[in-house]
Amino acid sequence: MECTAVEPRLSAYMDGEVADAERIEIEAHLTHCDGCAAVYHALLHEAAAIRADLLSVNVPSTMAERVLQAIVERHRTVQAKRLAVVYAVCVLALVSAMVWTLTTAVGRFVHASTRLFLAALHSTVLFLSTSGAAWTIGVMVLCGVLAGLSIFGAVRILRSSEVTA
Amino acid sequence: MNEADLDLIRKAKRGHLDAFTRLVHNYQNFVYRTAYGILRQPTDAEDVSQEVFLKVHQSLKQLRDERTFPTWLARITVRTAIDWKQRSSNQRAGPLDETRLATLHDPRDAAVHARLELHEALMRLTPLQRTVLVLRELHGLGYEEMAEVLGIPVGTVRSRLHNARAQLRAHLDEERGG
Ligand SMILES: [Zn+2]
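Rules used throughout
Residues numbered from 1 in each chain as written. Chains lettered and ligands numbered in written order. Predicted model: local features only at pLDDT ≥ 70, side-chain atom pairs only at ≥ 80, totals over all residues. Heavy atoms only, no water. Helix = DSSP H or I, 4+ residues; strand = E, 2+ residues; numbered from the N terminus. Contact = heavy atoms within 4.5 Å. Axes fitted to C-alpha atoms, helices over the stretch in contact; angles between N-to-C directions. Parallel < 35°, antiparallel > 145°, perpendicular 65-115°, else oblique. Left-handed = near helix turned anticlockwise from the far one by under 90°. Salt bridge = Lys/Arg side-chain N within 4 Å of Asp/Glu carboxyl O. Polar contact = N/O pair within 3.5 Å; in protein donor to acceptor, adjacent residues only side chain to side chain. Nonpolar A, V, L, I, M, F, W, Y, C, P; charged D, E, K, R; others polar. Donors = N, O, S within 2.8 Å, 3.2 Å for Na, K, Ca; no water. Tetrahedral: all angles 85-135°; square planar, octahedral: opposite > 155°, others 65-115°. Buried < 20%, exposed > 50% of the residue type's maximum accessible area, 1.4 Å probe, protein only. 1 Å grid on protein atoms, 1.4 Å probe; cavity = no way out; pocket = protein on both sides within 12 Å on 5 of 7 lines; lining within 4 Å. Points joined across faces, edges and corners; volume = space filled by probe spheres on them. Domains from an automatic or database assignment. Buried area = accessible area lost by both parts, 1.4 Å probe.

Residues and elements named next belong to chain B. Within the secondary structure layout, phenylalanine 30 lies in helix H2 (residues 17–39). Taking the C-alpha atoms as reference, phenylalanine 30 lies 8.9 Å from proline 70; in sequence the two are 40 residues apart. Setting aside chain neighbours within four positions, we find phenylalanine 30 in contact with Pro70, Leu73, Ala74 and His139.

If you want it as structure tokens, here you go:
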């Protein structure tokens, strides 16, 4: 092997990345060629120097802390963003519901029904507060009986439809 | 990589922050030295290391085989460092940090002087050339593994390493000669 063929292969030879036949040829050449042997020793020396240089640098002791802080911060930012999105969706839903009740016919009906329901609720509260405790109990018992009758009736209707079906 | 590290990785994957912190402790020099070897600038290497661990925290769940963690970590570090270098077109002030500058005035110490020469010579290489040197000399990766980490053919690894070493030697000779 000529020097011009050996020299470009010394780097891979040093790393043990040449085929066996090639390795034997290079080794034979290095025993009798001072020039290539000098290059090879320089390569070995530089590789060791780079390794020593890199092993001598050490990460600052605060690295793990910095990383944790950054993770916590990022987590907070993500959470804040999500919360903002939820808020935005809620506001949007509220606004569109308002627009809907004010503009469409169905909306106006819902609006009127709600007002009617609220008025009924209001008058009930007024009635209960002005009448005495005996009246209140009376009304509640009556409501209870009515509710019971309704449930009883509903169950019967359901049963009879099961039988007919 | 030992069994304890594998266990830490598994726990960190399941979201244990404590395990992740210990993983950072165990691999912070691995990452920092790799980044420093490519950038040759301590503060940049610190910032890159932080970014690398954030990426690791985010994507650890995607790591299928825990045993490939070191190669995976090396790949993330190399990519982050090279991206960093490309983003920061304005290089920071000096190639040397303060402690190294201080030793400049004391050339009697031959070992220190040799390290300074090496640093200057490495600075004159491209980040990609420094990357192959770091993966080889620091991590002792084989050419196949390097090709995998860098996403390039083995032949390219071989020639890039040869060129990096040849240029480094030329720069060192120049410094010693002049
Ligand atoms: Zn020769």
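Read on for the rest.
Bringing the packing of helix H4 (residues 69–87) of chain B against helix H7 (residues 127–137) of chain B into the picture now. Residues and elements named next belong to chain B. Following both chains from N to C, one finds H4 and H7 inclined at 160°, their axes separated by 11 Å at the closest point. Considering their axes alone, H4 and H7 lie roughly antiparallel with respect to each other. Both H4 and H7 take part in a crossing whose hand is right-handed. Along the contact surface, H4 presents Ala74, Val78, Ile82 and Lys85, while H7 presents Pro127, Leu128, Arg130, Thr131 and Leu135.

Facing the 31 residues of chain A at the interface are 38 residues of chain B. At the junction of chain A and chain B, the tally comes to seven salt bridges. Where arginine 115 of chain B meets aspartate 53 of chain A, a salt bridge forms, and the shortest distance between an N and an O atom there is 3.0 Å. There are 23 residue pairs in polar contact (both at pLDDT 80 or more) connecting chain A and chain B. Taken together, the elements giving at least two residues each to the side of chain A that touches chain B come down to helix H2 (10–14), helix H4 (34–56) and helix H5 (63–103) of chain A. Ranked by residue count, the leading element in the side of chain A that touches chain B is H4 of chain A, at 12 residues. The class makeup of the residues in the side of chain A that touches chain B is 20 nonpolar, three polar and eight charged.

Residue and element names in this part refer to chain A. Relative to the elements of secondary structure, serine 96 occurs in helix H5. With 72 residues separating them along the chain, serine 96 and isoleucine 24 place their C-alpha atoms 83 Å apart. Looking at serine 96, its side chain comes within polar contact range of the main-chain oxygen of alanine 93, at 3.1 Å.

Put simply, the ideal angle at a metal is 109.5 degrees for four donors in tetrahedral geometry and 90 or 180 degrees for six donors in octahedral geometry. Residue and element names in this part refer to chain A. Here the zinc ion is held by the protein donor atoms Cys3 (SG), His29 (NE2), Cys33 (SG) and Cys36 (SG), which lie 2.0 to 2.3 Å from it. Around the zinc ion, the four donor atoms are arranged such that angles at the metal cover 103 to 115°; this shape is classified as tetrahedral. When the donor residues of the zinc ion are listed from N- to C-terminus, their spacing reads C-x25-H-x3-C-x2-C. Exposure remark for cysteine 36: the relative accessible area of 2% places this residue in the buried category.

With that out of the way, let us pick up empty space enclosed by the protein. Using a probe with the size of a water molecule, rolled over the atoms, empty space left in the structure can be pinpointed. Per the counting criterion, the structure on display carries two cavities of 30 Å³ or more. The space that makes up the largest cavity amounts to roughly 50 Å³. Ile50 and Leu54 of chain A together with Gly37, Arg40, Leu122, Arg130, Leu133 and Val134 of chain B together form the lining of the largest cavity. For the lining of the largest cavity, the leading source of residues is H7 of chain B, giving three residues. Taken together, the residues that form the lining of the largest cavity break down as five nonpolar, one polar and two charged. Of the pockets and cavities examined, the second largest cavity occupies roughly 30 Å³. In terms of lining, the second largest cavity is formed by Leu43, Glu46, Ala47 and Ile50 of chain A together with Leu133, Glu137, Arg165 and Leu168 of chain B.

Moving on, we come to the domain arrangement of chain B. Residues and elements named next belong to chain B. Its domain assignment divides chain B into domain 1 (1–91) and domain 2 (94–178). Across the contact, 16 residues belong to domain 1 and 18 residues belong to domain 2. Between domain 1 and domain 2, a total of about 1,500 Å² is buried, with carbon and sulfur atoms accounting for 65% of that surface. When the area that domain 1 buries against domain 2 is broken down by residue, the three leading residues are Ile38, Arg40 and Arg75, summing to 35%. At the level of elements, H2 and H4 are the ones that each hand at least two residues to the side of domain 1 that touches domain 2.

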